[in-house]
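Observations on the model geometry
The primary structure of each chain is shown beneath.
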Amino acid sequence: MPAASKFKSEIRPTWCPGCGDFGVLNALATAAAELKLDPDQTALVTGIGCSSKLAQYFGSYGFHTLHGRALPVAQGV
């Protein structure tokens, strides 16, 4: 099983200290590891805003798309 650390990007988050997005990122990495996902076979598609920068901080393929377009892009992926 891949460790959750395999899903951590080298890019450090720029969220404000105490932001709940840090917990979301950690939970996402833990869940991906528990599901035995392969980072090279995983894509994370997000919309706009601070929380949507998850795609940059998650160690897989990522797509930071326009507002309201995450689901159509994810279906295309």
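Starting from 1, residues in each chain are numbered consecutively following that chain's sequence as written. Whole-chain, interface and lining totals are the exception, using all residues; otherwise, since this is a predicted model, local features are given only for residues with pLDDT of at least 70 and side-chain atom pairs are given and counted only at 80 or more. Side-chain calculation: all heavy atoms of the structure are included, whereas hydrogens and water are not.

1. Describing the packing of aromatic side chains
- Aromatic pairing here means that ring centres of Phe, Tyr or Trp (its six-membered ring) are within 6.5 Å. Orientation follows from the plane angle: under 30 degrees is stacked, over 60 is edge-to-face, and everything else is tilted. Here the structure, examined in full by the defined rule, presents three aromatic pairs.
- On the numbers, 5.3 Å between centres and 20° between planes, the contact of Phe7 with Phe58 is stacked. Placement of Phe7 in the segment before α1 (21-34) and of Phe58 in the loop between α2 (54-57) and β2 (61-64) is noted, with a sequence separation of 51 residues between them. We note that Phe7, like Phe58, is buried.
- Members of the aromatic cluster, connected to one another through ring pairs, are Trp15, Phe22 and Tyr57. Numbering of helices and strands runs from the N terminus, with a helix taken as a DSSP run of H or I at least four residues long and a strand as a DSSP run of E at least two residues long. Residue exposure (1.4 Å probe, protein chains only): buried if accessible area is under 20% of the type maximum, exposed if over 50%, otherwise partly exposed.

2. Things to note about the environment of Thr46
- Here Thr46 lies in strand β1 (residues 43-46).
- Considering only alpha carbons, one finds Thr46 and Val77, 31 residues apart in sequence, at a separation of 12 Å.
- In what follows, residue pairs with any heavy atoms lying within 4.5 Å of each other are defined as contacts. If sequence neighbours within four positions are ignored, Thr46 has contacts with Ser52, Leu54, Ala55, Phe63, His64, Thr65 and Ala70.

3. Topic: unusual backbone geometry
- Non-glycine residue Lys36 carries a positive phi angle of around 60°.
- Tracing the sequence through the fold places Lys36 in the loop between α1 and β1.
- According to the relative accessible area criterion, Lys36 is exposed, its value standing at 59%.

4. Describing α1
- One fewer than the residue count of a helix, multiplied by 1.5 Å, yields its expected span. The terminal C-alpha atoms of α1, which comprises 14 residues, lie 20 Å apart, in line with the 20 Å expected from a rise of 1.5 Å per residue.
- For α1, every residue scored as buried is listed here: Asp21, Leu25, Ala29, Ala32 and Ala33. Angularly, the buried residues of α1 cover 115° about the axis, an arc narrow enough to put them on a single face.
- Close packing links the buried residues of α1 with α2.
- Two residues or fewer after α1 comes Lys36, characterised by a positive phi angle close to 60°. Directions drawn from the helix axis to the C-beta atoms are what define this arc.

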